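Descriptive structure summary
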Amino acid sequence: MSDAVSRINWLTDELNRHNRLYHERNAPEITDLAYDALFRELEALEAENPGAVRADSPTRKVGSSPVAELKPFVHTVPMLSLQNGYRRAAGEEAEPSPDRWGGPYEDLFDWERGKPTRPGGLRRLLGGGAAAAIRYVVEPKLDGLAMELVYENGEFVSGGTRGDGVTGEEVTHNLRTITNLPRRLAGAPAGRVSVRGEVLFDLAGFERMNAEREARGEKRFENPRNSAAGTIRQLDPEMCRGRPLQFFAHSAGEHPDAPASHWELLAQFAAWGFTVSPLCRRCEGLEEAIEAIAAIEARRSDLPYEIDGAVIKVDDVALQEELGFVTRSPRWALAFKYPPPQVSTRLANVLFSVGRTGQVTPVAQVEPARVGGVTVRNASLHNEHQMQRVLGLRHGDRLIIQRAGDVIPEVVGAVEEPGREERPLITYPEACPECGHALVRSLSDEARPEMVQIRCPNTFGCPAQVEGALRHFASRLAMDIEGLGEKLVAQLVGAGLARRPSELYRLAERRAELVAMERLGETSARNLIEALERSKDRPLDRVLMALGIPTVGESTARDLARFFGSIEALMEASVERLDEVPNVALTTATAIHGFFADADNRAEVAALRAAGVRFVPPPATVGGPLAGKTFVLTGTLPSMGRDEMKARIEAAGGKVAGSVSKKTDYVVAGAEAGSKLEKAVELGVSILDEAGALAVISGEQS
Ligand SMILES: [Zn+2]
């Protein structure tokens, strides 16, 4: 595989993963800026290698798919995302040159006027009228949840989240609890109209809600946007009713009788009874628009809700139509993001947390500080390189903390102060803070020091790892063992009843000890044992996911299960073989191979098998290309085991039989094929080699 192709594969997997984290779990790991950088790299590579563009490339779609619990909500006019631009922070702005506009608003100039040396942008696209100033509307970019509301003859009938832009989730029941959302529009426009905007918490209400939660002994919500997302997707609208959500209208989907300008549309929304942000401005030309964008930013920390930038739109709808769309966004609008807000606060302590895979990561505990409307108590230090080399963190440091969108706040610097040099540097501990085992560090890579990992190697003895692995194994997307949550896992580990997943299946034999465990009792013990019994029938992909193989999530587990068909075939696969699996990049292939090269992991798979876990192969595709065809396998195939060939034939809908008869359609023969091959020749059955069989399976040949 060429470098470009494997990079495209890696980027596609990585961006899809971040999309899922963002849209489905509301738990992003990287900033929008970092996401955009990866996205643009993928776009550029795909443009140079059009043959390598994958069907599931994130450049082909707008977001991600809905989760199962809520009903799908179809947007009759797709909800597209906007192109992004960034205000350069002081120190990051480029000097103007013949190639660049330079300055903090460079991206806006590029958007309107193209690059100085390469004319493009709105003005060129609009041709003749380029001399006249373009009229814009500038709006605050509210950091909420995009939503569409549908009205029929002025009555609110339904509403849903953006989802992937085509299908979201229907949350009408919760939207009805939002007090500033009009149930009936003033002047009741005839027919069907859909209004789009953002649902968000106002910050005062958010703080009030947190104070009430704390008073009841419940956990604080960390982030207004995430909690708004969680709230609006509740199944029970009573959960939503007491929470201070608001809706701000900003654009239309279906609107048969739309005004001729965006500004008039906003005025119409307000007249109908919607809340429209009072910060919206109509501007003649880009200079005026930049003033409006700067004015909104100047008020950012005083606003009653969170914003992360401004949106600038071409006002005239006729011009919008003339400009049209690029792949997934309108050309006539730009989301212009401000640099993330920062605050300085004192470091109280550095906590070293041990993850499920044994990786030890540093977290800064800081004196509570308000950043962008929320109170921050912990901030990420990422890794050893960041903490020691980049930040050179010392005890008692005053830190600069930044909060970008939904990502966990991070420490971006330490303030130089008198006497700082005399305070000791903070270093990684030598021993695991959870189990005391000596920590090990992965081989250092000069070029990428941030990739060095520090781990506790005590996989089956370290309580943080043992409990993490068991919790992951039992989790809903893995083995889905009902009732086996965080508390019970900790109890089982504490009582010495389970240290690794296979031991869970021996609990049935240790029932007395289980029942005797604190607060468990006979009924819960029986329920747990029954749940464990049921989990033995989970399909192969779920078991693969449950094993906690590094880099293997839900979709990779499915691809692996489909490709290999059995755990044995997967365990024997070489890195090269793994690299051939659709959607699996070389880094992932290497990680999977490394996992199964470990004797402990192989022993654990064997123990699960012995305990009765069935590793159920993926079902044969009904009506696949090989439906109704019977194969017989004989001899040694050059590149794969017979298990794998069998799995592939079955995945394509074919059957594999043990002996050759008149009913056999194909015999797949490898080296040293014996009597079955002779029988096939005798009966005139088609004989295939491995390559021929693969061609038949893929449908290239019949
Ligand atoms: Zn440990």
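Basis of the calculations
Residues numbered from 1 in each chain as written. Predicted model: local features only at pLDDT ≥ 70, side-chain atom pairs only at ≥ 80, totals over all residues. Heavy atoms only, no water. Helix = DSSP H or I, 4+ residues; strand = E, 2+ residues; numbered from the N terminus. Rg over C-alpha atoms; globule rule 2.2 N^0.38 Å. Contact = heavy atoms within 4.5 Å. Areas by Shrake-Rupley, 256 points an atom, 1.4 Å probe, with all protein chains shown as cover. Lys, Arg positive; Asp, Glu negative; His and termini not counted. Charge placed at Lys NZ, Arg CZ, Asp CG, Glu CD. pLDDT = per-residue confidence, 0-100. Donors = N, O, S within 2.8 Å, 3.2 Å for Na, K, Ca; no water. Buried < 20%, exposed > 50% of the residue type's maximum accessible area, 1.4 Å probe, protein only. Pairing = 2+ DSSP bridges. Axes fitted to C-alpha atoms, helices over the stretch in contact; angles between N-to-C directions. Parallel < 35°, antiparallel > 145°, perpendicular 65-115°, else oblique. Nonpolar A, V, L, I, M, F, W, Y, C, P; charged D, E, K, R; others polar. Domains from an automatic or database assignment.

Some thoughts on the overall build of the protein chain
Counting secondary structure elements, the protein chain contains 26 helices and 26 strands. Taken over the C-alpha trace, the protein chain has a radius of gyration of 29 Å; the compact-globule value for 702 residues is 27 Å, and the two agree within 12%. With the C-alpha coordinates of the protein chain rotated into their principal frame, the extents come out at 85 × 65 × 55 Å. In the protein chain, of all internal contacts separated by at least 6 residues, the share reaching a separation of at least 24 is 66%. Counting only carbon and sulfur atoms, one obtains 51% of the accessible surface of the protein chain, whose full area is about 32900 Å². Taken together, the 84 basic and 100 acidic charged side chains of the protein chain have centroids lying 4 Å from each other.

A look at the confidence of the model for the protein chain
With 94% of its residues at a pLDDT of 70 or more, the protein chain has an overall mean of 87. Contacts of residues 61-68 to residues separated by more than four positions or lying in other chains number 27 contacts, the stretch itself having pLDDT below 50.

Quick notes on the coordination of the zinc ion
Only Cys432 (SG), Cys435 (SG), Cys456 (SG) and Cys462 (SG) from the protein coordinate the zinc ion, and they sit 2.2 to 2.4 Å from it. If you list the donors of the zinc ion from N- to C-terminus, the spacing comes out as C-x2-C-x20-C-x5-C. Note that cysteine 435 is positioned in the loop between strand 20 (410-414) and strand 21 (440-441) and cysteine 462 in the loop between strand 22 (454-455) and helix 13 (463-474), a separation of 27 residues in sequence. We classify cysteine 462 as buried; its relative accessible area is 0%.

Re the sheet that holds strand 10 (residues 245-252)
Strands in a sheet are paired, the pairing made by backbone hydrogen bonds, and the direction either parallel or antiparallel. Read from one edge of the open sheet, 4 strands run 7-6-9-10, paired in antiparallel fashion. Two strands bound the open sheet, and with one partner strand each, they are strand 7 (155-161) and strand 10. Averaged over all pairs of adjacent strands, the angle between their axes in this sheet comes to 35 degrees, without regard to strand direction. Note: strand 6 (residues 145-152) against strand 7, 6 bridges, orientation antiparallel. Paired with methionine 147 across the strands is threonine 161, a residue of strand 7.

Section: the packing of helix 19 (residues 554-564) against helix 24 (residues 642-651)
Packing of helix 19 against helix 24 brings their axes to within 6 Å, and their N-to-C directions diverge by 105 degrees. When the axes of helix 19 and helix 24 are compared, the pair comes out roughly perpendicular. Residue-level inspection shows Arg562, Phe563 and Phe564 of helix 19 in contact with helix 24, the latter providing Asp643, Glu644, Ala647, Arg648 and Ala651. For the contact of helix 19 with helix 24, the residue count by class is 4 nonpolar, no polar and 4 charged.

Some remarks on the domain arrangement of the protein chain
If you check the domain split of the protein chain, you get domain 1 (3-60), domain 2 (140-337), domain 3 (342-444), domain 4 (463-535), domain 5 (540-611) and domain 6 (630-698). Here the C-alpha centre of domain 4 lies 45 Å away from the C-alpha centre of domain 2.

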